[in-house]
Amino acid sequence: MQQANRLRPFFENLAFDREDSQMIINFGPQHPSAHGQLRLILHLDGEQVVKANPDIGYLHRGMEKMAENMIYNEFLPTTDRMDYIASSSNNYGFALAVEKLLGIEEQVPRRAKIIRTMLLELNRIVSHEFWLATHALDVGAMSVFLYAFREREWALDLIEDYCGARLTHSAIRIGGVPLDLPDGWTGHLAGYLDKVERAVREDYEALLDENRIWKMRLENVGIIDQEMARSWGTSGIMLRGSGYHWDLRKEMPYEIYSELDFDIPVTDKCDSYGRYKLYMEEMRQSIKILRQLIPLYHQSEAKLMANVPQYISAPKEQIMTQNYSLMQHFVLVTQGMRPPVGEVYVATESPKGELGFYINSQGEPYPYRLKIRTPSFFHTGILQDLLPGHQLADVVTIIGSTNIVFGEVDR
Amino acid sequence: MREYKPKDNVQAKAYYNDRFYVAPQLAKLDPNSDEIFGSDVSKLKANFEILEAYIQKDELVIFINYSKNVEVLKFLRDELNYSFLMEMSAVDFLAKRNGFEIFYEMLSLTKRKRIRVKTFLAKGLAIETVENLFRSANFAEREMFDMFGIQVNNHSFLKRIMMPDDWNGHPLLKTYPLQGDESAQWYEVDKIFGKEAREIIGPEIRDSARVDRYDTERFARLGHEVAKGTDISKSEPNTDNHQFQEKGGVFLVKNLNKSQKILTEQERRDR
């Protein structure tokens, strides 16, 4: 017996009753190169895309709602699950937003800032390598996947040595970092940087740069002109790939980026190949930054958390020896910190683009409203303007070159 | 006497509140304290009614009338070079002020400044879309409609974006509980089995902290499985993980035999 409200199988993949040659197909939500749970409803005329409609929400976990029901420190591990390719950058974006709200961003010790910057740049390398691996795999260059994942594994080993986790790090806390680097870690890092620098030059670029198939599939595909990039609020490489000279690390510096020497690669090619070149160049710049950070780390004083007992728990030694610190720690853990009334919007340059946290605080231990501005959300939206006119085979290339991660799109 | 629990805000609240605690305010600075913001505000004031303007944490905040949102954003984009709309959404103030605060985060690449345009929208009113100025509002306004139920006039495709199309309620409202309301409990049951199966299946347990450990009917004992429907309220069988197997076993799946493992415990530790 049929019930009206029951879920029935139906042939939504094909529209049979149309007069023209148009066909409507579902791309996803379980497509291997949809980079997660993206469902694209494509209207095709022959093999050409006429209309594209991205359908998202398959990974929606209600993080903004969860944030309203958690104290600030409780929410921090949840941010790992947004951009799970580079989770430290999410931790950092949230931690910095809360620090700005509390007004303690200047009191974070220098060593903590250096370790954070190291983690952010290491995450950028990991994210770009993951992007290259999956993108090349989608386009058909399988061996690149193996090389890129090898270097990614080594970077994950380094992060695991530091914080014990490979994917969901939670390695950055509000007010600093919880741990110092283990002995000999910077030596391992320096060795890794040499390896990855060689790999970028001799493996990835040697395989892809002049590869005929790679160039044919990427050049002049997915052209985002300046107006489209502006109108869609793109950020990160999507923006720099369209000729805008804008990187938050340079233009609105945070942490110790203002002291470091690095360049922002920009191209006005506007196509997928131009963006691929930017990813390669950004990895080199991250290596350059990390090399500068190693001596800075050794010069810095061994202090890791901001000393603001009102908001941040005192060091362990103090908690165990002084009664008042123990009481403060107990209050902070059970009730949470109470930031001032006000609102902040703090944006950082995550590997994908501008990751912003809007926090509206009413003086309670729970945020009144927390809005997460993720770059991938808008980079998914741009597909509806970008895909029409392209061939069906180019859809995979374009999705790959937008570098979207669905943990971040759906939150 | 029973504790009073307000219905208009069911979000988590502080357990302990000091009666004499007054929360400090983030400083609101005069917009003229910054040269660029000062001239921006004076130009805005010459053209529009600006209800309030201040600088908070290096960012200019201006309040406008909700009916003027398109004009102000167009002016900011074309005249003042704030050409990027990075984010827009709403904050629920239904309980306190019977309306929403909508904010637009604008960015200027040339000035390296951010402006937050805010407006108050009373309950039941709709706001005009800014999609024609910034395509990014296409997705952002859909999300706002999905999460708060705020209607957006003249939007090209105002449809739910995160939640299913036939979902009841708007999740980010303060009146909406974290684990979902009653219709959320029945959503999947109705969808998959039909309404008439409600009595057989029962509501979905959406709160992971409320799982009944004695329930052997509905997958509540993951990792400690017993046969379906076994009464374990008196004594719990001492089940090892992976020990329980359905009668006759599972097709093509071997029962785990620990003594036949390739590595012994000692070997595994030495590895």
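Residues numbered from 1 in each chain as written. Chains lettered and ligands numbered in written order. Predicted model: local features only at pLDDT ≥ 70, side-chain atom pairs only at ≥ 80, totals over all residues. Heavy atoms only, no water.

### Brief notes about the overall build of chain A
Next up, step 1: Across its full length, chain A carries 17 helices and six strands.
Next up, step 2: Computed over the C-alpha atoms, the radius of gyration of chain A is 23 Å, within 12% of the 22 Å expected from 2.2 N^0.38 for a compact globule of 411 residues.
Next up, step 3: Taking all 411 residues of chain A together, 62% fall into the buried category.
Next up, step 4: Nonlocal contacts in chain A, meaning residues at least 24 apart in sequence, comprise 70% of its contacts between residues at least 6 apart.
Next up, step 5: As displayed, chain A has an accessible area near 15,500 Å², and 53% of this comes from carbon and sulfur atoms. (Helix = DSSP H or I, 4+ residues; strand = E, 2+ residues; numbered from the N terminus. Rg over C-alpha atoms; globule rule 2.2 N^0.38 Å. Buried < 20%, exposed > 50% of the residue type's maximum accessible area, 1.4 Å probe, protein only. Contact = heavy atoms within 4.5 Å. Areas by Shrake-Rupley, 256 points an atom, 1.4 Å probe, with all protein chains shown as cover.)

### A few points about the packing of aromatic side chains
Next up, step 1: Tallied over the full model, the rule gives 20 aromatic pairs over all chains.
Next up, step 2: Summarising the aromatic geometry, the rings of Tyr358(A) and Phe103(B) are spaced 4.0 Å apart at their centres and angled 20 degrees between planes, so their arrangement reads as stacked. On the criterion of chain membership, the pair formed by Tyr358(A) in strand β5 (residues 353–362) and Phe103(B) in strand β4 (residues 99–108) is interchain, its members lying in two chains.
Next up, step 3: Owing to a relative accessible area of 0%, Phe103(B) belongs among the buried residues under this scheme.
Next up, step 4: Summarising the aromatic geometry, the rings of Phe100(B) and Phe148(B) are spaced 5.8 Å apart at their centres and angled 75 degrees between planes, so their arrangement reads as edge-to-face. (Phe/Tyr/Trp six-rings, centres within 6.5 Å; stacked < 30°, edge-to-face > 60°.)

### Some details on the sheet that holds strand β1 (residues 52–56) of chain B
Residue and element names in this part refer to chain B.
Next up, step 1: Spatial strand order, β1-β2-β5-β4-β3: five strands in an open sheet with mixed pairing. Bordering the open sheet on either side are β1 and β3 (84–92), each of which pairs with just one other strand. Sheet twist, expressed as the mean angle between neighbouring strand axes with direction ignored, is 20 degrees.
Next up, step 2: The sheet contact formed by β4 and strand β5 (residues 113–122) spans 10 bridges and is antiparallel. Considered in β5, the bridge of Leu107 is made with Arg114.
Next up, step 3: Where helix α4 (residues 136–148) meets the sheet, it contacts β3 and β4, and its direction lies at approximately 10 degrees from that of β3. (Pairing = 2+ DSSP bridges. Axes fitted to C-alpha atoms, helices over the stretch in contact; angles between N-to-C directions.)

### Re the sheet that holds β5(A)
Residue and element names in this part refer to chain A.
Next up, step 1: Taking strand neighbours across the sheet as the criterion, the three strands line up as β4-β5-β6 in an open arrangement whose pairing is antiparallel. Of all the strands in the sheet, the pair left with one neighbour each is β4 (341–350) and β6 (369–373). Across the sheet, the axes of successive neighbouring strands diverge by a mean angle of 10 degrees, strand direction being ignored.
Next up, step 2: In terms of strand pairing, β4 meets β5 through 10 bridges, oriented antiparallel. Bridged to Val341 within β5 is Gln362.

### A closer look at the nonpolar core
Next up, step 1: Grouped together as the largest cluster of nonpolar side chains are 181 residues, with contacts concentrated most on Leu42(A), Phe94(A), Met118(A), Ile174(A), Ile62(B), Tyr104(B) and Met106(B).
Next up, step 2: For this core, the element with the highest residue contribution is helix α4 (residues 110–139) of chain A, accounting for 14 residues.
Next up, step 3: Ignoring any residue separated from it by four or fewer positions in sequence, one finds Leu42(A) in contact with Met23(A), Ile24(A), Ile25(A), Phe27(A), Val49(A), Lys51(A), Ala52(A), Leu387(A), Leu392(A) and Val395(A). (Core = buried A, V, L, I, M, F, W, Y, C linked by side-chain atoms within 4.5 Å.)

### Comments concerning the environment of Asn123(A)
All names here are of chain A.
Next up, step 1: Structurally, the position occupied by Asn123 is in helix α4.
Next up, step 2: In sequence terms Asn123 and Ser286 are 163 residues apart; their C-alpha atoms lie 9.5 Å from each other.
Next up, step 3: For Asn123, the contacting residues outside a window of four places in its chain are Ile85, Ala86, Ser87, Ser88, Ile159, His169 and Pro351.
Next up, step 4: A distance of 2.8 Å separates a polar atom in the side chain of Asn123 from the backbone oxygen of Leu119. (Polar contact = N/O pair within 3.5 Å; in protein donor to acceptor, adjacent residues only side chain to side chain.)

### Here we look at the packing of helix α1 (residues 35–47) of chain B against helix α2 (residues 69–78) of chain B
All names here are of chain B.
Next up, step 1: The N-to-C vectors of α1 and α2 enclose an angle of 140 degrees; their axes lie 11 Å apart at closest approach. One way to sum up the angle between α1 and α2 is to call them oblique. In the packing of α1 onto α2, the handedness of the crossing is right-handed. Across from Lys43, Leu44 and Asn47 in α1, the residues of α2 making contact are Val72, Phe75 and Leu76. (Parallel < 35°, antiparallel > 145°, perpendicular 65-115°, else oblique. Left-handed = near helix turned anticlockwise from the far one by under 90°.)

### Focus on the environment of Thr397(A)
Residue and element names in this part refer to chain A.
Next up, step 1: On the secondary structure map, Thr397 appears in helix α16 (residues 392–402).
Next up, step 2: Judged by relative accessible area, which is 0%, Thr397 ranks as buried.
Next up, step 3: Along the chain, Thr397 and Leu218 lie 179 residues apart, while their C-alpha atoms are 7.0 Å from each other.
Next up, step 4: For Thr397, the side chain forms a polar contact with the side chain of Arg217, separated by 3.5 Å.

### Notes on the interface of chain B and chain A
Next up, step 1: Contacts between chain B and chain A engage 67 residues on the former and 62 residues on the latter.
Next up, step 2: At the boundary of chain B with chain A, total buried surface from both sides reaches about 5,400 Å², with 54% on carbon and sulfur atoms.
Next up, step 3: Contact with chain A buries area across many residues of chain B, yet Arg135(B), Phe139(B) and Met162(B) alone supply 13% of it, more than any other trio.
Next up, step 4: Summed over the shared surface of chain B and chain A, the number is 10 salt bridges.
Next up, step 5: A salt bridge links Asp385(A) to Arg135(B), with the nearest nitrogen and oxygen atoms 2.7 Å apart.
Next up, step 6: Taken together, chain B and chain A are joined by 29 residue pairs in polar contact (both at pLDDT 80 or more).
Next up, step 7: Listed by contribution, the elements that provide at least two residues to the side of chain B that touches chain A are β1, β2 (59–64), β3, β4, β5, α4 and α5 (182–193) of chain B.
Next up, step 8: Counting residues per element, the side of chain B that touches chain A draws most heavily on β3(B), at nine residues. (Buried area = accessible area lost by both parts, 1.4 Å probe. Salt bridge = Lys/Arg side-chain N within 4 Å of Asp/Glu carboxyl O.)

### Things to note about the pairing of β1(B)
All names here are of chain B.
Next up, step 1: Across the five residues of β1, four count as buried, placing the element largely inside the fold.
Next up, step 2: Bridge count between β1 and β2: five bridges; the pairing is antiparallel. Across the sheet, residue Gln56 finds its bridge partner in β2, namely Glu59.
Next up, step 3: Linking β1 to β2, which pair antiparallel, is a turn of two residues; within it Lys57 sits at a positive phi near 50 degrees.

### Some thoughts on the pattern of salt bridges
All names here are of chain A.
Next up, step 1: Scanning the entire structure with this criterion turns up 57 salt bridges over all chains.
Next up, step 2: The salt bridge partner of Arg116 is Glu255, with a shortest N-O separation of 3.3 Å. With Arg116 in helix α4 and Glu255 in the loop between α10 (248–251) and α11 (272–299), this pair connects stretches of sequence that are 139 residues apart.
Next up, step 3: Judged by relative accessible area, Arg116 falls into the buried class, the value being 0%.
Next up, step 4: Residue Arg198 is joined to Asp203 by a salt bridge in which the shortest nitrogen-to-oxygen separation is 3.4 Å.
Next up, step 5: The class for Arg198 is partly exposed, based on a relative accessible area of 32%.
Next up, step 6: Through salt bridges with shared partners, one network takes in Glu121, Arg124, Arg240, Asp247, Arg249, Glu282 and Glu349.

### Some points on the packing of helix α6 (residues 185–208) of chain A against α11(A)
Residue and element names in this part refer to chain A.
Next up, step 1: Orientation of α6 relative to α11, taken along the N-to-C sense of each, is 165 degrees, at an axis distance of 10 Å. Looking at the two axes, α6 sits roughly antiparallel to α11. Both α6 and α11 take part in a crossing whose hand is left-handed. On α11, the residues touching Thr186, Leu189, Ala190, Leu193, Asp194, Val196, Glu197, Val200, Arg201, Tyr204, Glu205 and Leu208 of α6 are Tyr276, Lys277, Met280, Met283, Arg284, Ile287, Leu290, Arg291, Ile294, Tyr297 and His298.

Don't take any of this as a statement about function, it's just geometry.
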